[in-house]
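Structural description and commentary
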Amino acid sequence: MTVAITHLELSAADLRDAAARTQDAKAARRMLAIALVLEGGSRTEAAQSCALDRQTLRDWVHRSNADGLDGLSDQPRRNGPEPRLSAEQQAAVADWVEPGAELERDGVVRWRCMDLKQRIETTFGVSWHERTVGKLRRKLSFRRLSVRPQHPPSDPEAQASFKRNFRLS
């Protein structure tokens, strides 16, 4: 038994215009198939001409009847769990990593995944594996390579005087 197209605010010409304007090729194909049906074509021919199965076209007619043109677009995917850190918390992690670590403030001379893992756990209460912290770091556009830290008890003035006084003969 065929499903009637009850969402008739748009004519076949309107559907064709909407299909021409949209950037979503799949939704445009669905709009054109429904336009063919509205013009009096058979559902089998409309489905075949738009590379759909007849049953699939029926499913899209149901969605179109319920939601209009918005129902013909794919729904966003909601696969997987919710992120364990919010966007604000991720921004806070980026604010830690961007200036680099300081021994007095952070207790480390550079941010390793293990160090970030511990800080995230103590600050936000989220326990992650080190690899997951590395994925977060890559997502935040930080590279694995970092500048070699300066040894805390080193004396820059002594190093500069050594470089001035040391000459190769």
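Residues numbered from 1 in each chain as written. Predicted model: local features only at pLDDT ≥ 70, side-chain atom pairs only at ≥ 80, totals over all residues. Heavy atoms only, no water.

When helices and strands are counted, the protein shows 9 helices and 0 strands. Its helices and strands taken in sequence order, the protein reads α-α-α-α-α-α-α-α-α from the N to the C terminus. C-alpha extents for the protein along the principal axes are approximately 95 × 45 × 25 Å. Here the protein holds 169 residues, and 28% of them are scored as buried. (Helix = DSSP H or I, 4+ residues; strand = E, 2+ residues; numbered from the N terminus. Buried < 20%, exposed > 50% of the residue type's maximum accessible area, 1.4 Å probe, protein only.)

Among the structural elements, Gln55 can be located in helix α4 (residues 54-67). Taking relative accessible area as the criterion, Gln55 reaches 34% and is therefore assigned partly exposed.

Let us look at the pattern of salt bridges. With the rule as written, the count across this model stands at 7 salt bridges. Between Arg16 and Glu39 there is a salt bridge whose closest N-O contact spans 2.8 Å. With a gap of 23 residues between them, Arg16 in helix α1 (residues 12-21) and Glu39 in the loop between α2 (25-38) and α3 (43-49) connect regions that are remote in the sequence. For Arg16, a relative accessible area of 31% corresponds to the partly exposed category. What makes Glu39 partly exposed here is its relative accessible area of 49%. In this structure, Asp106 and Arg119 form a salt bridge, with 3.1 Å as the shortest nitrogen-oxygen distance. Of the two residues, Asp106 is situated in helix α6 (residues 103-106) and Arg119 in helix α7 (residues 113-124); the sequence distance between them amounts to 13 residues. Classification of Asp106 as buried rests on a relative accessible area of 18%. Residues participating in the shared-partner salt-bridge network are Glu102, Arg105, Asp106 and Arg119. (Salt bridge = Lys/Arg side-chain N within 4 Å of Asp/Glu carboxyl O.)

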